[in-house]
Amino acid sequence: MSSARTPPPVQPVKLSLPLVYQQKLFEELRKEDELVVLARGLGLMRLITNLLHSYDAAGNNLIVIVNAEDRENAWIGEALAEHAAISMSPKARGLTVVNTDYTSVGAREKMYAGGGIFSVTSRILVVDMLTGLLNPETITGMLVLHADKAVATSLEAFIIRIYRQKNKVGFLKAFSDNPDPFTAGFSPLATMMRNLFLRKASLWPRFHVHVAQALEGKKKAEVIELEVPMTNAMREIQVAIMECVEVSIHELKKGNTGLEMEDWNLDSALLKSFDVLVRRQLDPNWHRVSWKTKQIVGDLTVLRGMLHSVLALDAVSFLQQLDTIHAAHSPPPGSTRQTQSPWLFLDAAQTIFDTAKKRVYASTQKAKADSSIDSLQPVLEEQPKWSVLADVLEEIDRDLFFEQQARDDSNGTILIMCSDTNTCRQLRDYLQTMHVKPRTEKRIEEVYDPEEDKPSAAYMMRKKLRSYLKWKREFAQVSATLFAENQKALSGAVDPRLAQSKSRAPSNKRRRVRGGGAVGSGSSRLENGSIPQYFEKPNEVAELMGQIDITEAEANQKDDLVMADPLEDMDDYYQLYDMQDLVVIHAYDGDQDEHVLEEVKPKYIIMYEPDASFIRRVEVYRSSHNDRNVRVYFLYYGGSVEEQRYLSTVRREKDNFTKLIKERASMSLVMTVDSSTEDPQEAFLRTINTRIAGGGKLSTATAEPPRVVVDVREFRSSLPSLLHGRSMVIVPCMLTVGDYILSPNICIERKSVSDLISSFSNGRLYSQCETMFQHYQNPMLLIEFDQNKSFTLEPFADLSGSISSLNSANAGEKDLQSKIVLLTLAFPKLRIIWSSSPYETAEIFERLKSQEKEPDPIAAVRAGLNDEDDVEGSQQGQGAAFNPEPGEMLAAVPGVTPKNIGNITAKMENIKEVANATVEELSALVGKEAGRQIERFFGRDLLEDS
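Residues numbered from 1 in each chain as written. Predicted model: local features only at pLDDT ≥ 70, side-chain atom pairs only at ≥ 80, totals over all residues. Heavy atoms only, no water.

Going by what an unreviewed UniProt entry lists, the protein is known as DNA repair protein RAD16 and is assigned to Podospora bellae-mahoneyi. Quoted straight from UniProt, the Sequence similarities (unreviewed entry) entry for the protein says "Belongs to the XPF family." Note on the protein: under the UniProt heading Subcellular location (unreviewed entry), the record states "Nucleus". (UniProt positions renumbered as here; feature names shortened; annotations may be inferred.)

And the structure:
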């Protein structure tokens with residue numbers, strides 16, 4: 001009998017954390033609440049899924065995941081289902097994603113009551129917690145992903161504050177794999193932990209003792225580094241672009257003194273975040289920044305993109321990109337030197353354009369009588385990495401052929417990793433056609449040439465050049481049409497292309513011959529000193545097209561797929577392949593790369609471009625599997641921006657973790673102030689306004705916290721969070737009229753500057769103001785600016801640019817100011833609040849509410865829903881429920897004032913009745929003098945002279 005009563009044995013939870021540091025981190029997380037900052041690539045998602053499974057297997061928990069992206073939700077859902085199957089956990093329920101698809105309130109309430117693991121979007125979660133749909137006290141625990149985004153004004157910080165105020169027992173764990181935001185500003189780690197309501201930070205860089213031991217043991221991946229030298233032309237272009245970047249940064253510094261510019265240097269310019277860094281410094285004074293500075297900021301983005309393109313794109317595609325950039329930066333007709341990008345005036349810019357052309361085609365003189373005519377010969381310089389990639393694949397083929405069958409668990413798959421899908425396409429095309437030889441000349445005798453068997457990109461490059469020349473011809477026609485006026489003024493001819501080539505051909509010819517085969521217009525410049533747009537002459541194009549005509553070998557080549565194309569028709573095209581003979585080309589994709597490694601199980605990995613986080617993922621993958629050998633080929637251009645960017649990224653991450661470790665060592669204990677434990681008497685005393693002057697009343701004191709009714713659509717902004725931080729009760733409702741209801745009389749419509757412009761353009765703001773006046777005594781329009789940007793509508797632009805450019809830049813602001821004036825004329829009683837930031841708005845709201853009664857949420861929701869039945873419930877005692885047009889007409893009549901118009905509208909049915917009323921009838925309503933004025937106005941003869 002006793003054996004029958006014993007409960008069944010608890011099924012052990014099986015985890016997939018093979019490495020020591022993963023296990024230690026898991027044990028830490030199970031014991032206490034903490035912020036985990038893990039170096040990118042060390043398997044953060046694997047840790048999170050195992051932690052969630054340990055709670056899911058218990059079956060009686062309500063876990064909420066905050067700030068998860070869609071792909072992370074998909075990953076967690078798959079992983080939990082897989083873990084549940086392996087552990088055979090009968091109580092595990094997996095992940096439920098709550099997003100905009102679950103619009104039904106009842107459905108959400110039922111799901112929350114049932115428990116489980118929920119990933120909820122921040123906007124839905126904060127509203128559900130405030131309305132009581134999800135009671136914070138019932139939550140077992142909360143996991144916050146991307147904790148680096150939980151700044152004070154974020155929804156995530158708002159959610160955590162609500163959770164911690166009402167639930168002191170549930171666990172709270174935050175995760176991040178980006179240490180950068182934790183090192184910016186004054187004591188950033190302590191500030192972030194205060195926002196997260198956490199006291200402990202756990203830092204796990206790559207150089208952590210346990211991480212280093214786990215990844216640098218016996219099971220290390222075999223890594224072969226291949227430093228690929230750049231061609232001379234690529235090096236020249238890179239040096240020239242770097243010179244342009246350096247000059248641009250120098251111009252920025254010179255024109256904007258007084259800013260913190262320590263990081264404005266060439267090394268920082270290689271980082272992806274440099275644009276954000278510069279804009280963050282300039283944004284508060286953006287209205288005072290000169291037009292030239294704004295242009296340089298845009299130019300830096302373009303130049304940094306070119307630095308990446310010269311290494312990633314083939315020669316033809318890079319030249320095409322340069323043509324587009326040049327056209328985009330060309331001045332409009334009649335412009336001056338100041339309206340152009342400064343870098344276009346540098347000699348380095350000339351070097352960039354000339355060298356890029358040299359890589360595609362060169363100009364040679366014909367030894368004939370008409371030697372003044374050029375002949376363009378295709379050069380079609382190949383990217384150096386292509387031949388190295390072909391050599392690596394050949395080496396792998398030899399290894400697979402001569403080695404015996406592999407004893408490990410890896411497939412014979414070759415995985416090629418690169419930066420983006422465009423590079424994937426480029427490598428796919430190259431690998432498909434590298435053995436196709438377009439023979440351009442017929443030979444009398446066929447002699448074996450070992451060079452013939454070498455892989456070559458000639459077929460692909462000739463195909464690209466043909467399409468480029470066709471594109472350039474159309475591009476030239478469009479350009480000639482758009483800039484015909486400007487070109488005519490500069491060249492003095494009707495046809496800009498032919499006229500320019502004829503007038504400047506002899507001088508450029510001599511320069512080309514002396515310079516050794518330069519292409520195009522040499523160092524000739526336009527009258528304002530910039531580089532002209534170059535277009536090939538028609539006879540040059542015809543000859544070049546003849547050189548790259550489709551040969552017999554090219555015509556016979558079919559586009560047979562060597563591998564699956566995941567980039568086009570993904571749903572329509574699918575096929576199973578033998579993993580043994582497969583070459584997979586994949587773009588770096590963050591945490592998803594772990595899935596790729598686990599599913600493909602490659603034996604050979606070729607990193608076509610360096611990526612620090614992927615190297616760690618390979619280390620974790622190899623260390624996690626005893627039976628999978630991996631050989632990694634690591635390709636990079638020696639002495640290139642690519643190498644510098646990789647090294648600076650690794651160095652920057654190491655420095656950031658070092659800063660975090662130092663701050664944590666000297667950091668005082670982070671204490672979070674809990675307003676809910678405040679003494680009720682103190683709360684009551686704080687609400688008493690002792691300043692009676694100006695209409696203050698002691699009777700307004702109350703122990704209840706102030707209440708604000710907020711429209712649910714307003715939770716996109718940070719204002720509700722800041723109001724809640726000031727101990728106000730936030731009541732989310734679906735409001736028809738207004739965004740914030742502070743009292744029965746005060747209704748506020750909040751607009752950001754961008755929203756204000758769009759509201760004016762579609763006329764929505766006028767109807768919103770009308771409805772506010774119908775239902776509230778004191779409607780207000782709040783215009784809220786971004787705290788990190790300038791608090792002004794009027795830009796103090798530099799007057800050095802052309803008049804037309806200045807007018808176009810200021811047109812939007814001037815137009816906005818005039819529209820605001822028209823709005824105030826249409827609604828004289830509308831009060832406009834200008835706020836420099838959400839923090840300032842929260843303070844303004846607190847002052848506005850200080851002498852007012854608390855709003856009724858039910859009345860706020862009803863306002864505007866059914867205007868016909870709303871006459872008695874109207875908040876405005878002056879006939880707000882009546883038609884506004886007759887009321888406006890009546891208000892314009894002499895003798896009618898805001899004080900007496902209510903009496904007239906209450907007794908008189910329409911304007912006709914007012915016009916026909918006698919002086920005695922009107923005097924009874926508005927007084928004798930006002931009555932006489934109204935009667936005299938309506939009784940006046942239109943034909944009578946004044």
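S.K.: Residue-level account of the overall build of the protein, with values.
M.R.: In terms of regular secondary structure, the protein is built from 37 helices and 20 strands. Taken across its 946 residues, the protein has 47% of its residues classed as buried. Looking at the protein as shown, the accessible area adds up to about 48000 Å², and 52% of this sits on carbon and sulfur atoms. (Helix = DSSP H or I, 4+ residues; strand = E, 2+ residues; numbered from the N terminus. Buried < 20%, exposed > 50% of the residue type's maximum accessible area, 1.4 Å probe, protein only. Areas by Shrake-Rupley, 256 points an atom, 1.4 Å probe, with all protein chains shown as cover.)

S.K.: Talk me through helix α36 (residues 919–926); I want residue IDs and the actual numbers.
M.R.: For α36, every residue scored as buried is listed here: L922, S923, L925 and V926. Buried residues in α36, looked at end-on, bunch into an arc of 165°, giving them a common side. Exposed side of α36, more than 90 degrees from the buried face: E920 and A924 are the residues found there. As for α36, its buried residues are in contact with α34 (901–907), α35 (911–916) and α37 (928–938). Just past α36, the residue G927 takes up positive phi, approximately 100°. (Arc of directions from axis to C-beta. Contact = heavy atoms within 4.5 Å.)

S.K.: Which residues make up the environment of Y21, and what are the values?
M.R.: Position of Y21 among the secondary structure elements: in helix α2 (residues 20–31). On the basis of relative accessibility, which here comes to 1%, the residue Y21 falls in the buried class. Spatially, the C-alpha atoms of Y21 and H208 are 9.0 Å apart, while their sequence positions differ by 187 residues. Setting aside residues no more than four positions away along its own chain, Y21 makes contact with L42, W204, H210, V211, A214 and V620. A polar atom in the side chain of Y21 sits 2.7 Å from the backbone oxygen of L42. (Polar contact = N/O pair within 3.5 Å; in protein donor to acceptor, adjacent residues only side chain to side chain.)

S.K.: An account of the sheet that holds strand β11 (residues 414–418) is needed here, citing residue identities and associated values.
M.R.: Read across the open sheet, the five strands follow the order β8-β14-β13-β11-β12; overall the sheet is parallel. With one partner strand each, in any of the chains shown, β8 (222–228) and β12 (583–587) form the two edges of the open sheet. Mean inter-strand twist for the sheet, computed between neighbouring axes without regard to direction, equals 20°. Here five bridges tie β11 to β12, and the two strands are oriented parallel to one another. Each bridged residue has a counterpart across the sheet, and for I416 the counterpart in β12 is I585. (Pairing = 2+ DSSP bridges. Axes fitted to C-alpha atoms, helices over the stretch in contact; angles between N-to-C directions.)

S.K.: Tell me about the side chain of T841, residues and numbers included.
M.R.: With respect to the helices, strands and loops of the structure, T841 is situated in helix α31 (residues 838–849). Within the structure, the side chain of T841 is placed 2.6 Å from the side chain of S835, a separation counted as a polar contact. In this structure, T841 is in contact with L719, L782, E784 and S835, ignoring residues within four places of it in sequence.

S.K.: Explain the packing of helix α12 (residues 274–282) against helix α13 (residues 291–312) to me, using residue names and the numbers behind them.
M.R.: Contact geometry for α12 and α13: axes closest at 10 Å, N-to-C directions at 170°. On the basis of the axis angle, α12 is roughly antiparallel to α13. Contacts from F274, D275, V278, R279 and L282 in α12 reach T293, V297, L300, T301 and R304 in α13. (Parallel < 35°, antiparallel > 145°, perpendicular 65-115°, else oblique.)

S.K.: Any details on the packing of aromatic side chains? Residues and values, ideally.
M.R.: Evaluated as defined, the whole model comprises 13 aromatic pairs. Between the aromatic rings of W343 and F353, the centroid separation amounts to 6.4 Å while the plane-to-plane angle is 15°, which identifies the pairing as stacked. Within this pair, whereas W343 is found in the loop between α14 (315–329) and α15 (347–360), its partner F353 is found in helix α15, the two being separated by ten residues in sequence. By the burial criterion, W343 is buried, and F353 matches it. Ring geometry for W386 versus Y430: centroids 5.5 Å apart, planes at 25°, classification stacked. With W386 in helix α16 (residues 384–402) and Y430 in helix α17 (residues 421–433), the pair connects residues that are 44 residues apart, well separated along the chain. An aromatic cluster is defined as three or more aromatic residues linked by ring pairs; in this entry it consists of F634, Y636 and Y646. (Phe/Tyr/Trp six-rings, centres within 6.5 Å; stacked < 30°, edge-to-face > 60°.)

S.K.: Describe the pairing of strand β2 (residues 62–66), and please don't skip the residues or the numbers.
M.R.: Here is the key point about a regular strand: its side chains alternate between the two faces of the sheet. Of all five residues in β2, five are buried, a share of seventy percent or more. Of the two faces of β2, the one carrying L62, V64 and V66 and the one carrying I63 and I65 are both buried. Looking at chain direction, β2 and strand β4 (residues 116–120) are connected through five bridges and run parallel. Bridged to V64 within β4 is F118. Of the strand pairs in this sheet, β2 and strand β5 (residues 141–144) are connected by four bridges, and their pairing is parallel.

S.K.: Got a sec to walk through the side chain of T423? Specific residues and values, please.
M.R.: If you trace the backbone, T423 turns up in helix α17. Not counting residues within four places of it along the chain, the set of residues in contact with T423 comprises C418, Y608 and E609.

S.K.: How would you sum up the nonpolar core? Please name residues and give values.
M.R.: By size, the foremost hydrophobic cluster in this structure holds 94 residues, and its most contacted members are L35 and F175. Broken down by element, this core gets its largest block of residues, seven residues, from helix α3 (residues 44–56). Apart from the residues lying within four places of it in its own chain, the contact partners of L35 are A147, A174, F182, L189, M193, L196, L198, K200, A201 and S202. In terms of nonpolar packing, the next biggest core, distinct from the first, is built from 76 residues, A315, V316, I352 and L431 among them. (Core = buried A, V, L, I, M, F, W, Y, C linked by side-chain atoms within 4.5 Å.)

S.K.: For the sheet that holds strand β7 (residues 201–204), give the residues involved together with the corresponding values.
M.R.: The sheet built from seven strands is open, its strands ordered β3-β4-β2-β5-β6-β1-β7 with parallel pairing. Two strands close off the open sheet at either side, each with one partner strand: β3 (95–98) and β7. Strand-to-strand twist in this sheet, taken as the mean axis angle between neighbours without regard to direction, amounts to 20°. Sheet strands in contact with helix α25 (residues 641–666) are β1 (35–38) and β7, and its direction is about 150° off that of β7.

S.K.: Describe the pattern of salt bridges, listing the residues and the values that go with them.
M.R.: By the definition in use, this model includes 37 salt bridges. Where K385 meets E642, a salt bridge forms, and the shortest distance between an N and an O atom there is 3.0 Å. With K385 in helix α16 and E642 in helix α25, this residue pair connects regions lying 257 residues apart in the sequence. K385 gets classed as buried once you look at its relative accessible area, which sits at 1%. What makes E642 buried here is its relative accessible area of 10%. Residues E394 and R398 are paired through a salt bridge, measuring 3.7 Å at the closest nitrogen-oxygen approach. You can see E394 and its partner R398 sitting in helix α16, four residues apart, about one turn around the helix. Under the relative-accessibility criterion, E394 is labelled partly exposed at 41%. (Salt bridge = Lys/Arg side-chain N within 4 Å of Asp/Glu carboxyl O.)

S.K.: Report on helix α7 (residues 155–166), specifying residues and quantitative values.
M.R.: Spanning twelve residues, α7 covers 17 Å between terminal C-alpha atoms, matching the ideal 16 Å at 1.5 Å per step. In terms of residue burial, α7 counts as a mostly covered element, since ten of its twelve residues are buried. Looking at α7, one finds that the buried residues are L155, E156, A157, F158, I159, I160, R161, I162, Y163 and R164. (Expected span 1.5 Å × (residues − 1).)

S.K.: Explain unusual backbone geometry to me, using residue names and the numbers behind them.
M.R.: The phi angle at N67 is positive, at roughly 70°, despite the residue not being glycine. Take N67: it is sitting in the loop between β2 and α4 (70–87). Although it is not a glycine, L380 adopts a positive phi angle of roughly 50°. Along the polypeptide, L380 turns up in the loop between β10 (374–378) and α16. For L380, a relative accessible area of 12% corresponds to the buried category.

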